[in-house]
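Chain by chain, the residues:
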Amino acid sequence: FSVISCKLLSLFFFVMSISNNETMLAPLPPFDPTKPSTPISFPIKTLQDLASRSYFDSFHFPFNRSSVSLPQNIGTLPDRSRLLVCHDMKGGYVDDKWVQGCGNNKGFAIWNWYLMDVFVYFAHSLVTLPPPCWTNTAHRHGVKVLGTFITEWDEGKATCKELLATKESAQMYAERLAELAAALGFDGWLINIENVIDQVQIPNLKTFVSHLTKAMHSSVPGSLVIWYDSVTVEGRLAWQDQLNEMNKPFFDICDGIFMNYTWKENYPKASAKIAGERKHDVYMGIDVFGRGTFGGGQWKANVALDLLKSSDVSAALFAPGWVYETNQPPDYHTAQNKWWSLVEKSWGIVQTYPQSLPFYSDFNQGLGSHVSLQGQKLSDAPWYNISCQSLQPLLEFNEGNRSETMQVTVDGREASYNGGGNISFRGTLKRNAHFTARLFKPNLQLSGSHISVSYSVKSDERSMLGLLLRFSTPSQETKSLVMAPNEYMHRFGDMFLPCLRRTTSDWTVHETNLLMDGHTLTEISALCYGPDDLAEETNTQGYSALLGHISIKSQQKTKLFPPASSWVIEAHNIEILPGDSGSRTLSCKLEWRLKHPEEDSVFTRYNVYAEKLISYRTRKVMEEPRSEKVFLGTAHVDAYYVSDMVVGPDVKKVRFVIQTWDEDGSWQELDTSPSVLVEAERLSSKLCCCGLI
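Fair warning: this is a prediction, and the values are worked out from it, not measured in the lab.

(A) Focus on the pattern of salt bridges. Inspection of every chain in the model, using the stated rule, returns 19 salt bridges. In this structure, Arg291 engages Asp287 in a salt bridge whose closest nitrogen and oxygen atoms are separated by 2.7 Å. Measuring nitrogen to oxygen at the nearest pair gives 3.9 Å for the salt bridge that ties Lys458 to Asp506. Taken together, the residues Lys458 in strand β21 (residues 451-459) and Asp506 in the loop between β25 (500-504) and β26 (507-514) connect sequence positions 48 residues apart. Classification of Lys458 as partly exposed rests on a relative accessible area of 28%. By relative accessible area, which is 56% here, Asp506 ends up exposed. Look at the salt bridges and you will find they share partners, linking Arg82, Arg278 and Asp281 into a network.

Shown next, in the form of C-alpha cells:
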C-alpha cells in the first residue's frame, strides 16, 4: 500500500548448535516445498512459479485447503454499506502460517466476525495465499475471504511487463489465480498494482482484471475481485483517494474498488455519485495505524466509519492488527474488544448466526492454555490454531467499574468444557436481581420437528446460570423462554422451560427438548441469578460462573459416525531418526478416507492421538486423557503430519487414532475410532514407506 513498508517474516529460520561450549549459528537447508515437513502456508513469489503450477506439487498443498464452506445462503453481497477488513499483521505468515497450529497462545487473532462482510489476507509477496485457518473461521461466520496479488516498485514494473506482455499471457496468469482460489477454497482476490505501467500495456491490464473476474465467477460462484486504487488508466502510480475517470475503468470490470485511505471529507459522497447503483462496491480505505487517514485512525477510526456510513458507501479497514502490534493497554484481549466495540457502535452488526441447524459453539477463540473434551483435560500445553475457532458470541464490551458491573469475557485461562474456550461471568448481584448478557443474534427458522437445546455450566453453588431464548412467533410477536434448573420455576413463571441435568467432571450439562413450529429464534442470552435465601441486610453477593458450550440440534441425530471399519488410514513418508539415550524421533504423514464416502459423511475436524505400544502389548494410555503424550493435535483436512515425535527405547509400535468431530459438537468415541499402527523399531538415517501399516 502507498504508505506502508512491511517486511515479510522469512520462512527460513536459524538453529542453534553447540560445539566446544560455543554457540554457533547454522542455517537450515533452503526450504524445499516438495519435501515432507511440518505443514506451513507460504506465498508464491514469482511469475514462473505461478505459471508452472508448482504450488500444486508442494507437500504442503493438501494441508492448505480450507475445509469450511460458506453457508449456502451467502451468495452475492447484500446491497448495503459493507465492511471489508484487510489483514496486515507484521507482514503476514506469522503464527498463522503453521497449518496444524503452534504453541504461541498469545498470537494475533480476530473474533469479531459479526461486524464484517469481507476479509482480505495481505502481505507484500506477489501472490499472497490466505492460510486456511482464516478461511475456515471466516467462512464459519459467513465472511468471504480474498487473497492478494501485488506488484510494487521497480521489481513490480518488471513483473508487470512480463505479466502483460500479451493478451494471452494476461489471461493465462488470471486463470492461474482463479485456479488457486478454487483449489484452496477462498473467495477471490484483491489486485494491488503499485508501480507504473507502460501505457501500451494498459489494455492488457484491463484484460487481466476482466478475465480474472470472469474466471473467478465461473469457478467460485459469489466470488469477488477488488481493485486497489493505485495505478491509473494512464499507467501512472497516482493514488486518487476517490472514484474518478482515472480509476473507474478498472472498477467497471471487477466487483469493487478499495480506495486509498488519504481521502478528504467530501470524497465518499462524490465517489458514491459517480458509482451510481454500485456505490456499495466502493470501499473507502481507513488505515488503522492512522497514517494520513481521515479521522486519524487508531482509537478514532470510528470517526471515518461514521462519515462513510452516512455517505452510504462501504468501508475497508486496513491493519486492525495495530492493537496487537503496538501493545495497546491494558492487555491485548481487553484492548481488542474495546477497539472493535467502536466499530460496532459506528457500523452495527452485519452477520446473524446461527441460521440453520445444528448450531454449536464452545466459544473457542482459536488459542488457549489447554484443550478439553467433555470437561476432561486432554492437554495443558498452550496452543494457537485459528481453524479451531467456533462461532463467536456477540459479547458487549463494558468498560465500567469492575466492582459494580458483571464482567463477561472469553477467558482461555479458565476451565473449558470442550476445546479451550468459555464465557466467564464474574461480578456481584443484588438481592433478587438478575443480569442478562447478549450471546448470539440468530435468524433460525424452526420447523415442526422437536429440537434439543443444551448448555454446560461450571460455577459455585450460589451462582446460577440459565439461557434466555427469544422467538418471533408466526404472528410476529415476541416470545421469551428461560432454560434453568427446575427448582427455580417460580422465578420465571410462564417463561420457564424445564430441563434435565447431568454432571460431567466439574461441569453441569442442562438439556431440554421443545417444539417451536413456525417460530424464529432471534436471540440467545445468558441469564445470571442467585439463590432466594439471600438476607435483606446482605443485599449483594459475589457471582462467578463459566459457560462451557451451547448446542441446538434436531432431537433425532440423523448422521451417525462411520465405524472404524469404514475407514482407510495410511501412514506415508515415515522417517525414524536416532535420539538421545536410545530414543528415536518419528515423523510421518497420516492420511485417511472413507471407503464409500456418502454426501452427508463430510467431516471438517479430527482429533489425532498417539498410543505407544511396548513389547507388542498395549499400554492403556488412552484411558489417561490428561497425559500430553496422548493428544497430538487437531486436523481440519483428512491428513495430519506427525513431526519429530519422541519415541522411547522400549516402544515397539505407535498406534495413531483419528477421532471424528461432527458439526453438532459431538465426537466419536475413541474405542470406535479408526486407527493405524506404525512400527517404531527400525532405525535408519531415513526410512520412508507408504501404505497401510
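(B) Structural context of the side chain of Gln351. With respect to the element layout, Gln351 can be found in the loop between α10 (332-347) and β12 (359-361). One polar contact links the side chain of Gln351 to the main-chain carbonyl oxygen of Gly142, over a distance of 3.3 Å. Residues contacting Gln351, with those up to four places away along its chain left out, are Trp113, Tyr114, Met116, Asp117, His141, Gly142 and Val143.

(C) Seen up close, the environment of Ser472. By the secondary structure assignment, Ser472 is in strand β22 (residues 464-472). Given a relative accessible area of 18%, Ser472 falls into the buried group. Counting along the chain gives 27 residues from Ser472 to Gln445, while the straight-line C-alpha distance between them is 9.2 Å. Once residues within four sequence positions are removed from consideration, Ser472 is found in contact with Glu477, Gly518, His519, Thr520 and Thr522.

(D) Broad picture of the nonpolar core. With 156 residues, the main nonpolar core has Phe149, Trp189, Phe208 and Phe425 as its most contacted residues. The element best represented in this core is helix α4 (residues 167-184), accounting for eight residues. If you look at the next biggest cluster of nonpolar residues, it comprises 27 residues, including Phe603, Val608, Val654 and Val678.

Criteria and cut-off values
- Residues numbered from 1 in each chain as written.
- Predicted model: local features only at pLDDT ≥ 70, side-chain atom pairs only at ≥ 80, totals over all residues.
- Heavy atoms only, no water.
- Salt bridge = Lys/Arg side-chain N within 4 Å of Asp/Glu carboxyl O.
- Helix = DSSP H or I, 4+ residues; strand = E, 2+ residues; numbered from the N terminus.
- Buried < 20%, exposed > 50% of the residue type's maximum accessible area, 1.4 Å probe, protein only.
- Polar contact = N/O pair within 3.5 Å; in protein donor to acceptor, adjacent residues only side chain to side chain.
- Contact = heavy atoms within 4.5 Å.
- Core = buried A, V, L, I, M, F, W, Y, C linked by side-chain atoms within 4.5 Å.

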